[in-house]
Amino acid sequence: MSAENLYKPYVMKIEKITQEAPEVKTFKLVFTDEEEGKNFNFKAGQFGEYSILGEGESTFCIASSPTRKGYIECTFRRAGRVTSALARLEEGDTMGFRGPYGNTFPIDDWKGKSLLFIAGGIALPPMRCVIWNALDLRENFKDVTIIYGARTVNDLVYKHELEDWGKRPDVKLITTVDPGGETPDWKGEIGFVPTVLEKAAPSSANTIAIVCGPPIMIKFTFPVLTKLGFTPENIFTTLENRMKCGIGKCGRCNVGKYFVCKDGPVFTFAQVKELPPEY
Amino acid sequence: MATERKILKKESLGPLFEKMNAAGKRILAPRKTGEQIRFEPVTSANEIAADFVQSTASAKWAVFPAVEEMLSFRSLDKETKLEAKQSKPQPTVVFGIRPCDAAAFKALHAVFATDYKDDLFLDRWEQITLIGMSCTKADDYCFCTSVGGNPGSTVGSDILLTPLANGDFLAEILTEKGQQLVASLDGLFAAGGSDIDKESLLAKVTPKFDAKQMKAKMDAVFNNEKLWTRQSLRCIGCGACAFVCPSCSCFDIQDERYGGKGQRLRCWDSCGFGLFTLHTSGHNPRHTQAQRWRQRLMHKFSYGPEKYELPGCVGCGRCSRACPTDMNILGHLLEIAEEKL
């Protein structure tokens, strides 16, 4: 008899809850078992199964950076059964977490390159992990550019961090909201992410592009990046298929020969182009 | 190990079950209830269904139950106590499993043992011994010989029995587990059988297509939307095919709560269900039944074989027999097999 059950979650304590946007919260989670916390390691891009016993499990990326030890963060929008139950939790409550699962952004291979982050809406969280990972090792990279858009000003997540990134001299931040989503005092761009990207026209020379967003944004962003000279091998994204097990068994995130959970969630545009359009 | 041949006399069948029972083994064997033949716990050889081509459902549940507890929990106020499942599965003998189903056990094992080791499955697997039964009859739904099997295939079985004309059985002892079982049943398996022409006793199943070429053909027709739509037009997405399939391994995870207690359950699922891939946002990567039917065939004949180097379909024919709208997988596969590469 084996000692471990693959599906047994860690019991995590919610140390802090941040309301990021309407219906969007960030949980800062710490391990209730110190030993488990010490042995826990992950890399940028990995995800987990977050759960409430009796309600079920839900899949989100780990939104904090592996350079920040001792805790993990997740950011989610209240949408279904599990996220609705999670949204009712309070600081000090406990919840389940299984992970880390999936592959990672090859951030070690990006040393000496410039990084271009492009995110839309609730897809900034998977990228925030990489952004902080890169910023905590800032000397390893050349230019860092972040283009982030949401429907409205209110829907932008991590507002406090956007402000910090905007003030840093070593980060170029461009924020945008969809037309009509602006407020009278909005200082950022107005327009869809692909349009704003085209206007900003960042250089593709020695640059890696990381793109996360809703399928429609991804669809219109890839051609712009191609026009700017990015090769498919230098564009990275994460796929977000529905998952249950997270470890390549339950079958639902199967796209072509890949399980998004185990072979992904990080893919290059070169790989995505070869996949059947089932993501 | 080298295969060893022995004879199991028909009068030894009763004592075989008695001894296995006495040794504390659970025996699962095909039993007839009404029109259905299912693998169920039995204690005596008299309970076994005889003279049938294929059981209605497979014996898959012996290693991968339709519903199983993954963990349980108790809540008291705000504190939740978690109990991961820790029961040791009972030693089990599956008696009379068809060669196609035994091959499917290998396909299941590949999924649950590759990369992450799934102990819920593997703990049961370790406790299981498969006594296969060669087929002396087949029907028009059978196509094992098109997917690498045959009516007397030893693949997957620990012991394979082949019925002889006089009612006795030729026994092939194939694995260490099989050897151990035979040794524990001293005297029941008699010497002999080396001169028996096994082939002549088996059902004839003519190969209809070449499974080795199927991956290339599947990949070639992937974008042929008309083909997938036409083939799946009758599909009502009921999932019966997946639930009778011996090699389907996809599952769902669901929580159930009764007052302060509850369980996290693993339940069989099907790629034929629209909910299988539906995102909470409403986006569904496979939003038509044609895409879901394509996924079923691609998984079994392209993705699975590429990943695990094993056929994902064993040609048992159950999905076609069970389909309420009479879709026949063999007919559809033949259409794809005719594709010129």
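Residues numbered from 1 in each chain as written. Chains lettered and ligands numbered in written order. Predicted model: local features only at pLDDT ≥ 70, side-chain atom pairs only at ≥ 80, totals over all residues. Heavy atoms only, no water.

**Topic: unusual backbone geometry**
Argument step 1. For the peptide bond that leads from A:Gly99 to A:Pro100, omega is -5°, which places it in the cis range.
Argument step 2. Put simply, A:Gly264 and A:Pro265 share a cis peptide bond, and its omega is 5°.
Argument step 3. Non-glycine residue A:Tyr158 carries a positive phi angle of around 55°.
Argument step 4. Relative to the elements of secondary structure, A:Tyr158 occurs in the loop between strand E8 (144-150) and helix H4 (159-167).
Argument step 5. Exposure remark for A:Tyr158: the relative accessible area of 0% places this residue in the buried category.
Argument step 6. Even without glycine at this site, B:Glu309 takes up a positive phi of about 55°.
Argument step 7. Position of B:Glu309 among the secondary structure elements: in the loop between helix H8 (289-308) and helix H9 (318-322). (Helix = DSSP H or I, 4+ residues; strand = E, 2+ residues; numbered from the N terminus. Buried < 20%, exposed > 50% of the residue type's maximum accessible area, 1.4 Å probe, protein only.)

**Let's talk about the sheet that holds strand E6 (residues 92-97) of chain B**
Residues and elements named next belong to chain B.
Argument step 1. Read across the open sheet, the 8 strands follow the order E3-E2-E6-E7-E8-E9-E1-E10; overall the sheet is mixed. The open sheet has two edge strands, strand E3 (36-42) and strand E10 (189-190), and neither has a second partner.
Argument step 2. Alignment of strand E2 (residues 26-33) against E6, held across 3 bridges, turns out to be parallel. Residue pairing for E6: Ile27 is matched across the bridge by Val93.
Argument step 3. Contacts from helix H4 (residues 176-184) reach strand E1 (4-8), E6, strand E7 (128-133), strand E8 (159-163), strand E9 (169-173) and E10 within the one sheet, and its direction differs from that of E7 by about 90°. (Pairing = 2+ DSSP bridges. Contact = heavy atoms within 4.5 Å. Axes fitted to C-alpha atoms, helices over the stretch in contact; angles between N-to-C directions.)

**Points about the pairing of strand E6 (residues 94-101) of chain A**
Residues and elements named next belong to chain A.
Argument step 1. Here E6 lies mainly inside the structure; 7 of its 8 residues are buried.
Argument step 2. The pairing of strand E1 (residues 10-21) with E6 spans 4 bridges and is classified as antiparallel. The residue of E6 that forms the bridge with Val11 is Gly96.
Argument step 3. Inspection of the sheet shows strand E3 (residues 47-52) paired to E6 by 4 bridges, in the antiparallel sense. Each bridged residue has a counterpart across the sheet, and for Ser51 the counterpart in E6 is Gly96.

**Notes on the interface of chain B and chain A**
In many analyses, interface size is given as the accessible surface area lost on bringing the parts together.
Argument step 1. With 51 residues of chain B at the interface, the matching set in chain A holds 46 residues.
Argument step 2. Of the roughly 4000 Å² buried between chain B and chain A on both sides combined, carbon and sulfur atoms contribute 52%.
Argument step 3. The interface formed by chain B and chain A holds 7 salt bridges in total.
Argument step 4. Of the charged contacts, one joins A:Glu57 and B:Arg264 as a salt bridge, the two residues approaching to 3.4 Å between their closest N and O atoms. (Buried area = accessible area lost by both parts, 1.4 Å probe. Salt bridge = Lys/Arg side-chain N within 4 Å of Asp/Glu carboxyl O.)

**Here we look at the sheet that holds strand E2 (residues 24-31) of chain A**
Residue and element names in this part refer to chain A.
Argument step 1. In spatial order, the strands read E4-E3-E6-E1-E2-E5; together these 6 strands make up an open sheet with antiparallel pairing. Looking at the sheet topology across the chains shown, the edges are occupied by strand E4 (56-61) and strand E5 (72-77). Pairwise comparison of adjacent strand axes, ignoring direction, gives a mean angle of 40° for this sheet.

**What to know about the pattern of salt bridges**
Argument step 1. The tally for this structure, following the rule as stated, stands at 35 salt bridges over all chains.
Argument step 2. In this structure, A:Asp170 engages A:Arg138 in a salt bridge whose closest nitrogen and oxygen atoms are separated by 3.5 Å. Of this pair, A:Asp170 sits in the loop between H4 and strand E9 (172-177) while A:Arg138 sits in the loop between helix H3 (124-136) and E8; the two residues are 32 residues apart in sequence, bridging distant segments of the chain.
Argument step 3. B:Lys6 is paired through a salt bridge with B:Glu4; the nearest N and O atoms lie 3.6 Å apart.
Argument step 4. Through salt bridges with shared partners, a single network forms among A:Glu57, A:Arg98, B:Asp255 and B:Arg264.

**Observations concerning the packing of helix H2 (residues 99-113) of chain B against helix H3 (residues 119-126) of chain B**
Helices that pack against each other are described as a pair by the angle of their axes relative to one another and the distance between those axes.
All names here are of chain B.
Argument step 1. The N-to-C vectors of H2 and H3 enclose an angle of 140°; their axes lie 9 Å apart at closest approach. Between H2 and H3, the crossing angle belongs to the class labelled oblique. The hand of the H2/H3 crossing is left-handed. The residues of H3 that touch H2, namely those facing Phe105, Lys106, Leu108, His109, Phe112 and Ala113, are Phe121, Leu122 and Trp125.
Argument step 2. Counted by class, the contact of H2 with H3 contains 7 nonpolar, 1 polar and 1 charged residues. (Parallel < 35°, antiparallel > 145°, perpendicular 65-115°, else oblique. Left-handed = near helix turned anticlockwise from the far one by under 90°. Nonpolar A, V, L, I, M, F, W, Y, C, P; charged D, E, K, R; others polar.)

**Section: H3(B)**
Residues and elements named next belong to chain B.
Argument step 1. Taking burial as the measure, the 8 residues of H3 include 6 buried ones, the bulk of the element.
Argument step 2. The complete set of buried residues in H3 reads Asp119, Leu120, Phe121, Leu122, Asp123 and Arg124.
Argument step 3. Taking the backbone nitrogen of Leu120 as reference, a side-chain oxygen 3.2 Å away marks Asp118 as the first, capping residue of H3. (Polar contact = N/O pair within 3.5 Å; in protein donor to acceptor, adjacent residues only side chain to side chain.)

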